[in-house]
Structures are given as C-alpha cells and as structure tokens.
Amino acid sequence: MAAPKTGRRSQGSHGRTWRPLLLILTAIAALTGGMFLSGHTTPRLGIDLAGGTSITLEAKTQPGSENAINSTNMDTAVNIIERRVNGLGVQEAEVQTQGDRHIIVNIPKGTDQKTAREQVGTTARLFFRPVLTYEVNEPPAPSPSPSESGDKDKGSGDKDKGDDASGSPSPSETASDEASPGDDATEQGRALSEGLAQADDSPSPPASSPPAETPQPPAEQAPTGQIPADVQKKLDGLDCSDPEERTKIGENAKPTDTVVACDTDGAYKYALGPAEVEGTDVDDASATYDAQQGSGWIVQLEFSDKGSDKFADVTGKLAAQAPPNNQFAIELDGEVVSAPSVDESITGGRAQISGSFNQESAEELANVLSYGALPLSFEESEVTTVSPALGDQQLEAGLIAGAVGLALVIIYLVAYYRGLALVAVVSLMVSGALTYTIMSLLGPGIGFALNLPAVCGAIVAIGITADSFIVYFERIRDEIREGRTLRPAVERGWPRARRTILVSDFVSFLAAAVLFSVTVGKVQGFAFTLGLTTLLDVVVVFLFTKPVMTILARKRFFADGHPWSGLDPRRLGARPPLRGRPRRVAAAGPVNPKEV
Amino acid sequence: MSRLGSLGARLYRGEAGYDFVGKRFLWYGVSVLITIIAIAGFMIRGLNMGIEFEGGAVFTTPSSQTSVEEAREVAEEVSGHQAIVQELGNDKLRIQVASVETQQADEVRAALAEELGVDQQRINNQLVGPSWGEHIANKAWQGLGIFMVLVVIYLAIAFEWRMAMAALIALIHDLTITVGVYTIVGFEVTPGTVIGLLTILGYSLYDTVVVFDGLKESTKGITKQTAFTYREAANRSLNGTLVRSINTSVVALLPVAGLLFIGGGVLGGGMLNDIALSLFVGLAAGAYSSIFIATPLVVDFKERDPAIQAHNKRVAARRAADARAAARGEKAPARHEDERGGAAADDEDAEPADEPRAPEPAAQGAAGPPRAPGRRQQPVSRQRGRGRPSGSRGGRSGGKRR
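Just so it is clear, the structure is predicted and the values come from calculations on it, not from any experiment.

Rules behind the numbers
Residues numbered from 1 in each chain as written. Chains lettered and ligands numbered in written order. Predicted model: local features only at pLDDT ≥ 70, side-chain atom pairs only at ≥ 80, totals over all residues. Helix = DSSP H or I, 4+ residues; strand = E, 2+ residues; numbered from the N terminus. Buried ≥ 20, exposed ≤ 12 C-beta atoms within 10 Å, placed from the backbone. Contact = placed C-beta atoms within 7 Å. Core = buried A, V, L, I, M, F, W, Y, C linked by C-beta atoms within 7 Å. Expected span 1.5 Å × (residues − 1). Pairing = 2+ DSSP bridges. Axes fitted to C-alpha atoms, helices over the stretch in contact; angles between N-to-C directions. Bend = angle between axes of the 7 residues up to and from the residue. Left-handed = near helix turned anticlockwise from the far one by under 90°. Nonpolar A, V, L, I, M, F, W, Y, C, P; charged D, E, K, R; others polar. pLDDT = per-residue confidence, 0-100. Parallel < 35°, antiparallel > 145°, perpendicular 65-115°, else oblique.

## Remarks on the overall build of chain B
On a plain count of helices and strands, chain B comes out with 15 helices and 6 strands. Evaluated residue by residue, chain B yields a buried proportion of 50% over its 402 residues. Considering only contacts within chain B whose residues lie at least 6 apart along the sequence, 76% involve residues at least 24 apart.

In structure tokens, the structure reads:
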C-alpha cells in the first residue's frame, strides 16, 4: 500500500539508514580482528577470578615530609617494587599506582606469594651507623629471621632519595675515582665527624682481626660512651621485646639523627650515631655462602666508587675506637641487622652483612638491597589471596548470573514487546560484542583486568542498556497510539527518546565517572565497566537500534502491526486512523476498545 | 500483554490513572515513616560493618569435614583474637578474625590448612588494614558529595532547579531507605555494599530522569492555556510514563535479581551478593520514589511559583465560567479550540530542532500535551477531529523525511 508511494523516496534515504549500521558493523569487525591479531581473545582476568594475591599498599605520611607522597616518588616506588618482585622470578606480577597514594601489586597464582609479599612491603632503607652504645634487652624475645623485619615499614621518608633509589644496579655515572677525603666533605662527612667526636672521649685501643667485618656478639653491658641524655633516656625506655615497639622506634628517624634501635630479634638495643653510608651508596648485593669463615649465608655488598671511599674513610676512623665504639651497626628499616666491629679501614668497596641468615633470607635481602630503597614507606592496606579454584568458581558464578539476568530480561522483553524484543536482544548482543572486544583489547592496552566487580558492573549494565530500548519502544508505541503508522512513529518517536536516553545515560555516566575518579581497587573496575557500557549503550542505540528500527518499519511484519510484532495498533489501543492504512486497521477500528 | 497494552493506552490517554499528585501526602507520609524507621534503626542498631571496615582477616576454606566449632578453636588459638565462623554452601567455611597482623594471618592460615588437611594455597584470605575501610568510606562520602553537586547542577540545566531539587530529595530518600534496610535486617556492610550504594546514585536517577523528561515535555508552556493546571498535567504525564517507568525499573532489577540469586545461592555470599543486595533495595526504592515522591515534589515546588499560582487561578476562573455556561445549557466549543491551539503552540517551541517542518497543530498537539482528567467523557469527538489529519499527514511526512 504505502510501499509504491514511498519506494522511490526511501531509495535516497537508504544510504543514510545503512551508513550507521555499516559503521558499527565495521567497528565490531575491526575490534574483533584486532582482538585476534593481537592474540588477546579473552579479557585479562583479575586476581579474584584467576587466582593469586593482590596487595594494596598505602603510602604513609611521614612527619616532616608531607609532600613526599607525589607522583614522582610513587612512580619510583612502583618501579622498584616491580623490579624486586620480578627479580625473584615471579612471573607476570603487575604493579600499578591507583589514586594518589596507593599501589596495587597483583601476583598471579603459582608464584611464591609469601616471599613476594615480603619483598613488596619492605622499604629497604639501609644505613651504616656507628654504635654509640648498646644494652641487653631485658626479656629476650623469640627471634624472627632478619628478612621478616622488612614486613613492617619504617625508616624515614626522605624525598631526596627517591631518584637515587631508582638507580639501576649498574655503576652510577656520578661515581668518580677521586680518593681525596676532602672531596667527600658532604653532609654525611660532617655528620660523621660529629658522630665520632661524641665517641672520641672513650679510650681507643686499636684492635686487629680479619679485614672483613665479622659479627661480634656484644658483651652483656657495654661501657657507655658519651651520648646525649635524651638518647640515653630513650634507650632506657625502649623495650625491644615488643615487636611493635621495635618497629615503631625507627619509624621517623632521619639518617642524620642520633637514634636508638633494636636488633632484629629484640635481644639488644643500641644507640646509634648519624648514618655514615647509606643504601644508595650500594651498587649491588648478592647472597653467598661463606664456607671459609663458617658464618653461613651472608649478603655481600658492592659499593659505588663514592660509597667505597666513604666506607673506607669511616671504617678507618672507627677502627681506631675502643669497643663498643668500633662497632658499625647495619640498620635496615630501623632495625639493626648486625653490628660488626671494625679493626681496620676497609677498602675495595666491598662489605658483607652476616647474621642469622639462611639461603632464602639472604637472597631476599640481597635482592631488596640491589634494587634500592623505596622513597616512601608503605603499609599493607589490603591483601587478598584467592585460590585458582575459587577464582574459577567466581568467574563461573558471574557468568551464570549474567546468563540468568540476561535470560530474565529477554523473557520479560519478549512477553511485553514481542517482536520488538528481537531488536532489543540483537542490540544487546551488539553491545555485548563491543564490550567484550573492547575489554579484551584494553587488557594489553591499558592494563584493564576483568575482576568480579567488573563482571557485576557488566551484568548491571544489561539493565541500563535495555532501558534505553524500552524508552525508545515506548515512544514508538505512544506514537502508534496516536494513530500514526509505524514509519512516522519510528521517526517521530526518535528525537524525544533520544533526548531521554542521552540525559539519563549522562547521569549514569556521571555516577560512574565520579565513582572511578575517587575510588581505588575493585570499585574502580566496577565503575569502569559501568561507564564503558553506558557509553556503548549510546553508541548502540544511535548507530544500531535506531537504524534497525527504521529498516524494520519497512517490513510488513512490523509495519502491518502483526500481533507478534509488539506494534499491533489494536493491542496498543491506537485510535484508528481513517486514512493511511486503510483496510486492516480501519477494519480493526470498531473492535478496538473491547479487544483484550 | 494486550490487557497491559490497552491499559498502557488508557494510561497514555489519561482515561485511566492513579491520582499520584492528589494523594501525594499519603505517600509522603509513607516515605517519612520509612525514613524515620531507617534513621531510628541507624541510631539504635547501627550498621553491621564488615571486616573490611574494621580491619582484620577473612579466610575462606574449601569444602571439608571440619566443623565450625573446630575451625573457630584453631583460629582463636593461633590468633589470640575472637573469630567468627560462618558456614557457606558446600561445607565451605568463612572465618573472620578481627585485628590480625600480617604475620599472624599467615600463621592462622597455616594452622587452618593443617586442621583441614589441605594445601595452604587453597585457603583464600583477605587481610585488611584498619585504615582501609575508613579510606573506602571516606572516598565513598567524597564521591557521593561530588556526584550530588554535579548532578544537581546538570539537572538544573537540563530541566530546572525545582526538578533538580526534587530528584536530589528522591535520591537521598532512596539511599536512606537502603541504609535503613541494612540496619534493620542487619546485613553486613562491605565494600561491595558501598559499590552498590554508589551505583544506586546513577540508577535511581535514571528512572527519575525518564519521568521528569515526560513531565517537562507535557508541561511546557502550561501557562499558555487554561484547560488544566500544572498539577493535573503533571499527574497525567506521570500516568503516561508509568508503563515506561515500571518497565525500565523491572528490566534494571532483573539482572540484579540474577546476581542476587547466584551470588547468594551459589557462592553463598561475597562481593556479587553484596553489590546486588544493595542495588536491589536501592533500585526498588528508586522506582517507588521517582513516581510517588519526585514528581509530586516538583508539583509542590512549582505551585509556589507565582506564575503557576496565577495560572491555577486562571484555570479555576475558566472552569467556573465553563460551569456557568454549561449550567445555561450551552456547549463551549471555544474551549476546545483554545486548548488545542495553546497546546500546539507550546509544543512547537518545545521542539523546534526536531521538527524542522512543523506538522499541523493537531498532529503535534496529539503527541504531547496532556488532557485534563475531565476530558474523558468526550473522547470520541476529539478523536475524530484529530485522528484523521494526524494519521495521513504524519504518514506522508514520515516517509519523506527518512
């Protein structure tokens, strides 16, 4: 009926109708092609779906260096953590910053998660400090291995070190061969002389023993050198048997301070002078087994040129002191790992740390030291370990939930919209295809990982996407109720439906964007999916659903208002137009009000 | 469907409908009551905050023969803290231990693994620092605040400030009800709950926006005619969008119901369940509030507007005049003309961009503006007058355009 009349005209508009369809189909084809070409045919799964450990670290604000938490330092920290974790042979661990003060470390299943966790949280601030005095701590505590001390973050925040710490283990460019002590008159040099001046009062008979440092078990009560009264008081008040106090004491210490510290098993407590040599002066560290002197596993340090000069200088001075002031405390993250006595100046840029190491802990410490100290201290905010079995199960549950949700929506749509539901379902499929391919490509692209909340977001998005179709369908039906035939109804309903869809999708997108920008971790995954699907919803409605409706409006099944089309004017209670669709609808007219 | 369809048609035409606006105080009362209960519940019982907000460790074990009692003993012995053990489906256990440190958590995990006789790797654990939950909560508040400010600004621009305020009140209402349900039922609040709650923001408004969009359209230029008041127009518009609003809400709720079913039934809790639960409650509240609360509120706000008040008086005067005329036995054909002309004019300035070649007034008028409930008695004559031109004209112009 209407076909011959409008046939010619619709030829011209054909291209306009098909163009968006071609565009979106091309986009899907391109995305799918890209997906297969790049070899990432499935979205990357998050830890909670694939199994593994996820650690959220929060940078702690240090008094006096509130500005230390900035993007440069965070990036440096991410770099160092990444190298440490990968240095252990953990495969595919990923480290990323989230928000302004969080770092998320994801360690996939099948790697040594416990070790990796210890590596991640360790600040690894290493200082060589002269021992001013030490005391036996009264109640001896059980001794954890030295490396475990690293779990607790401490050490002082000193933002200047950030960049140094990120240096690679290769020799630093700034190192020079100058040996003259005058050139080394840095702040450290000055601090050194101060520290030594304090210790100078005690008699200093030089002792002799092997060139390398050897751990010397401290005597019960060392003679007290001249140390500041407030430090002495702090030392007296310190109880090293409490692990918490042990880690707290070193928390806010600056390298240039005179500090008190405990050794790692809490048996001794020390008063220590300002740091003479720092971890940043260490070029490389390795774990070796010392068979010759029977000290077991040791960590060998190799200093940079500058570091070795400093070290030689300092050890020379220390060797001239009387015990205990000839002892050197190797302080790692606020705890004394070992305190060897020095007998002569150590040249050659090598030193070793010995203690109660086993192979594992020695290797861990060496690994941590060779990649440098973190510019910030971190606290574990959240650690989640998911077994691969649970991950599979959660993924499966998510997929089933999605299938159930989708099925419910389809049943409802078919029951209510009949033939139109087909349009909705195909549109949902298009939207799903776009979402899937984009998610797959975003995995390698921006490191997007599909986690459980993201799956949840995608399922919730089924509703949002279908809502847009409902808004449009209802508009079309309203137009039909006004007595219009389908084609004008489809066109006239569109501008208004479009506005409603845009406004409400904008509100949804706004919620997702706000959620994404203020949160970290899992919530971000959810917000991201929600935002992505909302955007795709607009794309699909504009480029797919609308053109498809325009095309379908030409089909007799829909245009004639077949009872199963969902657009039957009689069922919709349309007013019978007296012209335009003469026979069928006019005939239906009288039945209209009673029709049930 | 056909019954629903024809109901939809009657609702659309204003032949059937519920007087949402007229009975608004009933529903305000219901909402105020629910809100009071929610606040009272919050004050008295407080929220049952999950381990994620208090700090501590959660372990989930695989299926085993170990009883709840045994698991609790092991966990408490090793950690030195109280442990809460729940049984999930399939003999799985969920063990929560408050304020546990990293080291201890590993020990507890090892001890549990031994007790259960499984590999340590198979026990899932989640360790949460005490500041983490606070951090999440702070961020959530921050997000809530930012979103509300932005959305009020946006809605004030897209619609008008009265609608923005009504939407905001409806949103707060939805959130209050959701929180209230959580306090009263005692569901545990987890980060998943917070995610769900924040998602309600966008979703609850989706529905409100759908309703407001219809309201805005049908009340545009309301003051240019005197056949019906803003209140009547709003109520009709509400009935007209009722089907759409219910459908969007149902379709939004169905996938969430799927999540809830699977999350609660198959996984026995966890994040899916938490997100879905708060979403479900919030969405249901949102569907209710956008119809029963938001639009009536807009009417209340609007009726404080002097322009609308003056218009109401004009309508009343007009009706009085019509009544007098009717009493004298005269028909008032002028009224028809006036209404139609006015409505058409409104509509045209409403959508100039969408309809470059504005069709004849009757066609336009039929699409949008509401008729007063009183119109019902004389639909036939109106139908004839409009149906004919709009059908043919619309058909042709549609064909031409696309």
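Don't stop here, the text continues.
## A few points about the overall build of chain A
Summing up its helical and strand segments, chain A has 17 helices and 13 strands in all. Relative to all contacts within chain A whose residues are 6 or more apart in sequence, the contacts with residues 24 or more apart total 79%.

## Regarding unusual backbone geometry
Residues and elements named next belong to chain A. Positive phi, close to 50°, is recorded for Arg-418, a residue that is not glycine. The residue Arg-418 is located in the loop between helix H11 (388-417) and helix H12 (419-446) in this model. A count of 19 C-beta atoms within 10 Å places Arg-418 in the partly exposed class.

## Considering the nonpolar core
Among the nonpolar cores identified, the biggest contains 248 residues, and Val-105 and Tyr-270 of chain A together with Ala-167 of chain B are the most heavily contacted of them. Top element by residues in this core is helix H11 (residues 271-302) of chain B. It accounts for 19 residues. When sequence neighbours within four positions are dropped, the list of residues in contact with Val-105 of chain A reads Ile-55, Leu-57, Ile-81, Val-85, Ala-93, Val-95 and Val-120 of chain A.

## A look at H12 of chain A
Helix length check: H12 of chain A (28 residues) gives 40 Å between terminal C-alpha atoms against 40 Å at 1.5 Å per residue, within 8%. Of the residues flanking the end of H12 of chain A, it is Gly-447 of chain A, one or two places downstream, whose phi is positive at about 75°.

## Remarks on the sheet that holds strand S9 (residues 296-303) of chain A
Residue and element names in this part refer to chain A. Across the sheet, 3 strands lie side by side as S8-S9-S12; this open sheet has antiparallel pairing. On the outer flanks of this sheet lie strand S8 (282-290) and strand S12 (350-354), each paired with one strand and no other. Sheet twist, expressed as the average angle between the axes of neighbouring strands with direction ignored, equals 25°. Judged from the 5 bridges that link them, S9 and S12 form a sheet pairing that is antiparallel. Across the sheet, residue Ile-298 finds its bridge partner in S12, namely Ser-354. Its contacts with the sheet place helix H10 (residues 359-370) against S8 and S9, and it is angled at close to 170° to S8.

## A short note on helix H14 (residues 486-518) of chain A
A turn of α-helix holds 3.6 residues, and therefore any two residues three or four places apart point the same way. Residues and elements named next belong to chain A. Over its 33 residues, H14 extends 46 Å from the first C-alpha to the last, a length consistent with the 48 Å expected when each residue adds 1.5 Å. The principal kink in H14, of about 35°, is found at Trp-494, preceding the proline Pro-495 by one to four residues. With 26 of 33 residues buried, H14 is to be regarded as a mostly interior element.

## Observations regarding the pairing of S8 of chain A
All names here are of chain A. In terms of strand pairing, S8 meets S9 through 8 bridges, oriented antiparallel. Within S9, the position partnered with Ser-286 by the bridge is Gln-300. Counted along the chain from S8 to the antiparallel partner S9, the turn is 5 residues long, and its residue Gly-294 has a positive phi close to 65°.

## Focus: the packing of helix H13 (residues 452-481) of chain A against H11 of chain B
Packing of H13 of chain A against H11 of chain B brings their axes to within 9 Å, and their N-to-C directions diverge by 35°. Like other packed secondary-structure pairs, H13 of chain A and H11 of chain B cross with a definite hand, here right-handed. In contact with Leu-452, Pro-453, Cys-456 and Val-460 of chain A of H13 of chain A, H11 of chain B contributes Met-271, Leu-272, Ile-275 and Leu-279 of chain B. Broken down by class, the residue content of the contact of H13 of chain A with H11 of chain B amounts to 8 nonpolar, no polar and no charged.

## Quick look at the confidence of the model for chain B
Caution is warranted with low-pLDDT regions, since their predicted coordinates should not be read in detail. For chain B, mean pLDDT is 73; residues scoring 70 or higher make up 74% of the total. Here the predicted complex scores 0.68 on pTM and 0.73 on ipTM.

## Comments concerning the sheet that holds strand S5 (residues 124-128) of chain B
Judged by pairing direction, the sheet is antiparallel, and its 8 strands sit side by side in the order S2(A)-S3(A)-S1(A)-S13(A)-S5(B)-S2(B)-S4(B)-S3(B) without closing on themselves. On the outer flanks of this sheet lie strand S2 (94-98) of chain A together with strand S3 (83-87) of chain B, each paired with one strand and no other. On average, each strand axis in the sheet is tilted by 15° relative to the strand beside it, whichever way the strands run.

## Some remarks on the packing of helix H9 (residues 230-240) of chain B against H11 of chain B
How two helices sit against one another is set out by the angle between their axes and by the gap between those axes. Residues and elements named next belong to chain B. The contact between H9 and H11 brings their axes to 10 Å, and the two run at 160°. Between H9 and H11, the interaxial angle falls into the category roughly antiparallel. Seen along the crossing, H9 lies across H11 with a hand that is right-handed. Taking contact as the criterion, the partners of Tyr-230, Arg-231, Ala-234 and Leu-238 in H9 are, on H11, Ile-291, Thr-295, Val-298, Val-299 and Lys-302. Its residues assigned to classes, the contact of H9 with H11 shows 6 nonpolar, 1 polar and 2 charged.

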